Amino acid sequence: MTPAEVLKLIKQKDVKCVDFKFMDFPGLWQHFTVPSRQLEEASFEDGFGFDGSSIRGWQGIEESDMLIMPDPATAMIDPFNKVPTLSLVCNVVDPITKEKYTRDPRNVALKAEAYLQSTGIGDTAYFGAELEFFIFDDARFSTGVNHGFYHLDSCEGRWNSGREENLDGDGISHNLAYKPRYKEGYFPVPPTDKFQDLRTEMMMTMIECGIDIETQHHEVATAGQSEIDMRFGSMVHHADQCLLFKYIVKNVAARHGHVVTFMPKPLFGDNGSGMHTHQSIWKAGKPLFAGTGYAGLSETALHYIGGLLRHAPALCALTNPTTNSYKRLVPGYEAPVNLAYSARNRSACCRIPMFSPSPKAKRVEWRCPDPSCNPYLAFAAMLMAGLDGIQNKIDPGQPLDKNIYDLPAEEAKKVKQVPGSLDASLEALERDHEFLLKGDVFTRDVIEGWIAYKRKHEVDALRLRPHPHEFELYFDI
């Protein structure tokens, strides 16, 4: 949409409010709302002022005045507000210089798209993320000086197979069973899959909001683990849709008395939630990843993979950016931690999907990321790593078409793995970030600010606190 078309839509739909959404540094949407009469065509050039001093990960109070610049292409009618409301995703700029604010994640992604075009390698990066999530009925947690606990529950949780349940409100205790077994929740039909209708409502709401959906289904874990797959799109547009995806999923769940989490590993002993990310580069309408090499890949695609593998430890600081991420990335369990590539083999970090022989379908699937990431920063970082691979013709080595989990110990030792903790990933990012600085896509301030924020608010915050399981292990020592 153009600004004029946005204003026309406001009149057509009798919109009363305009909601401006923008991204904080770690990866959550923030917003504020104005009466619709305040939005004029000039607003898309002049912006709206706000106080940015309290936004997580941004600069201090000395640089608190900020402007948001609405992007008319993101306009949609918000499906969750009682009063008719138009939603607009915004970029953040300095009110004096009008330069893009470096710590606005969307600006980083926009600069990555511009850098791709400036290289002449391609003009469009397509991304397709598969976000997994859990649906719970109850989520309680608290920490303090003398306590720390969490408690999750779900009507679909296998641990409730022996619980007395009063589902009908008739005062009679009974349990209707059909709860997915641990690690056996993939594709069961109702009544085992108790969230079919809820996911369908999520899917239909996404379609109503302009997201092109391919499929929805139950995932591997018990307790309502789910996946809804969006069709791929250009990088910034797809990152926008990832945030809208989360917004819709959480609000539809809340409307029905459920709560959704995109935490990578909320349950011990069952599968965590990943975000496998498909990516390819095109130029003048032609796919650049199709060729005659391994798995039908071009030399460009193989070098792109080489860049991902070379920079994978540093990438993890942005694609797996929480301490909880590394409870999923554990060798020998469900997540791909081995730095190798392969056609079809899902135990490799990098997979080449083989569903279709069409050159247009040729892409790379990077399987490490999880949905706790900030998609603008994660997508931009993966693109920059891949471009570095192309520019420097980085050889990805030989593919590994064996099941890596079943390799003999001596052979398995030769396969490198992703870092085992957020702290280790942040150290890797400290050592290896020059590829992110090209084209001023990531600035040194962004890299240093990210590392400092994550260490202070997450790594050290967790390191300082006793863990509940430590009491199981050590209280009687």
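In what follows, the accompanying structure is described. (Residues numbered from 1 in each chain as written. Predicted model: local features only at pLDDT ≥ 70, side-chain atom pairs only at ≥ 80, totals over all residues. Heavy atoms only, no water.)

1. Some words on the overall build of the chain
Helix and strand counts for the chain come out as 12 helices and 18 strands. Taking 2.2 N^0.38 as the reference for a compact globule, 477 residues should give roughly 23 Å; the C-alpha atoms of the chain span a radius of gyration of 23 Å, in line with that estimate. If you line up the chain on its principal axes, its C-alpha atoms span 60 × 60 × 50 Å. Long-range pairs, those at least 24 residues apart, make up 67% of the contacts in the chain with a sequence separation of at least 6. Carbon and sulfur atoms provide 53% of the accessible area of the chain, an area that totals close to 22,100 Å². For the chain, the separation between the mean place of its 51 positive charges and that of its 64 negative charges on side chains is 4 Å. (Helix = DSSP H or I, 4+ residues; strand = E, 2+ residues; numbered from the N terminus. Rg over C-alpha atoms; globule rule 2.2 N^0.38 Å. Contact = heavy atoms within 4.5 Å. Areas by Shrake-Rupley, 256 points an atom, 1.4 Å probe, with all protein chains shown as cover. Lys, Arg positive; Asp, Glu negative; His and termini not counted. Charge placed at Lys NZ, Arg CZ, Asp CG, Glu CD.)

2. What to know about helix α1 (residues 3–12)
Every buried residue of α1 is accounted for by Val 6, Leu 9 and Ile 10. Burial along α1 is one-sided: seen end-on, the buried residues are contained in an arc of 105°. Turned more than 90 degrees away from the buried face of α1, the exposed residues are Lys 8, Lys 11 and Gln 12. The inward-facing, buried residues of α1 contact β1 (17–23), α2 (43–46), β5 (76–77) and β6 (85–93). Following α1 by one or two positions, Asp 14 adopts a phi angle in the positive range, close to 50°. (Buried < 20%, exposed > 50% of the residue type's maximum accessible area, 1.4 Å probe, protein only. Arc of directions from axis to C-beta.)

3. Comments concerning a nonpolar patch on the surface
Together, Phe 141, Tyr 150 and Phe 268 give the surface a local cluster of nonpolar side chains, amounting to about 490 Å² of exposed area. On the secondary structure map, Phe 268 appears in the loop between β13 (259–261) and β14 (275–283). (Patch = residues over 30% accessible without salt bridge, like charges linked within 9 Å, V, L, I, M, F, W, Y side chains within 5 Å. Salt bridge = Lys/Arg side-chain N within 4 Å of Asp/Glu carboxyl O.)

4. Side note on unusual backbone geometry
Following Pro 190, the chain continues into Pro 191 via a peptide bond in cis, with omega recorded as 10°. Mapped onto the secondary structure, Pro 191 falls in the loop between β9 (148–153) and α4 (196–208). We note that Asp 14 has phi near 50°; this positive angle belongs to a residue other than glycine. Relative to the helices and strands, Asp 14 resides in the loop between α1 and β1. By relative accessible area, Asp 14 is classed as partly exposed at 45%. Of note, Ala 177 is a non-glycine position whose phi angle comes to about 55°, a positive value. Tracing the sequence through the fold places Ala 177 in the loop between β9 and α4.

5. With respect to the state of the cysteines
Across all of its chains, the model carries zero disulfides by this definition. Not engaged in a disulfide, the cysteine Cys 209 finds its nearest cysteine sulfur in Cys 242; these two sulfurs lie 15 Å apart. (Disulfide = S-S within 2.5 Å.)

6. Section: the side chain of His 276
Relative to the helices and strands, His 276 is located in strand β14. For His 276, a relative accessible area of 11% puts it in the buried group. A polar contact of 3.4 Å, which involves the side chain of His 276, links it to the side chain of Glu 365. Excluding residues that lie within four positions of it along the chain, His 276 makes contacts with Gly 128, Ala 129, Glu 130, Arg 328, Glu 365, Trp 366, Arg 367 and Pro 369. (Polar contact = N/O pair within 3.5 Å; in protein donor to acceptor, adjacent residues only side chain to side chain.)

7. Comments concerning the pairing of strand β2 (residues 29–35)
In the sheet, β1 pairs with β2 via seven bridges, with the strands oriented antiparallel. If you follow Cys 17 over to β2, its bridge partner there is Pro 35. Two successive antiparallel strands, β1 and β2, enclose a turn made up of five residues, where Gly 27 displays a positive phi of approximately 135°. (Pairing = 2+ DSSP bridges.)

8. Points about helix α5 (residues 235–255)
Between its first and last C-alpha, α5 extends 30 Å over 21 residues, near the 30 Å set by a 1.5 Å rise per residue. Burial of α5 is extensive: 16 of the 21 residues sit out of reach of the surface. Of the residues one or two after α5, Gly 257 is the one with positive phi, at around 80°. (Expected span 1.5 Å × (residues − 1).)

9. What to know about the environment of Tyr 178
Within the secondary structure, Tyr 178 sits in the loop between β9 and α4. Look at Tyr 178 and you get exposed, because its relative accessible area is 52%. Excluding its chain neighbours within four sequence positions, the residues that come into contact with Tyr 178 are Pro 191, Thr 192 and Lys 194.

10. Observations regarding the environment of Pro 331
Its location among the elements puts Pro 331 in the loop between α6 (299–319) and β16 (338–343). When the C-alpha atoms of Pro 331 and Trp 159 are compared, they prove to be 25 Å apart, with 172 residues separating the residues in sequence. Contact partners of Pro 331, with chain neighbours within four places excluded, come to Val 337 and Gln 417.

11. Description of the pattern of salt bridges
Within the structure shown, the criterion is met by 27 salt bridges. Among the salt bridges present, the one from Arg 181 reaches Glu 184, with a minimum N-O distance of 3.5 Å. Look at Arg 181 and you get partly exposed, because its relative accessible area is 48%. As a salt-bridge pair, Glu 365 and Arg 367 come within 2.9 Å of each other at their nearest N and O atoms. With relative accessibility at 1%, the residue Glu 365 sits in the buried group. Sharing partners across several salt bridges, the network here consists of Asp 423, Glu 430, Arg 455, Asp 460 and Arg 463.

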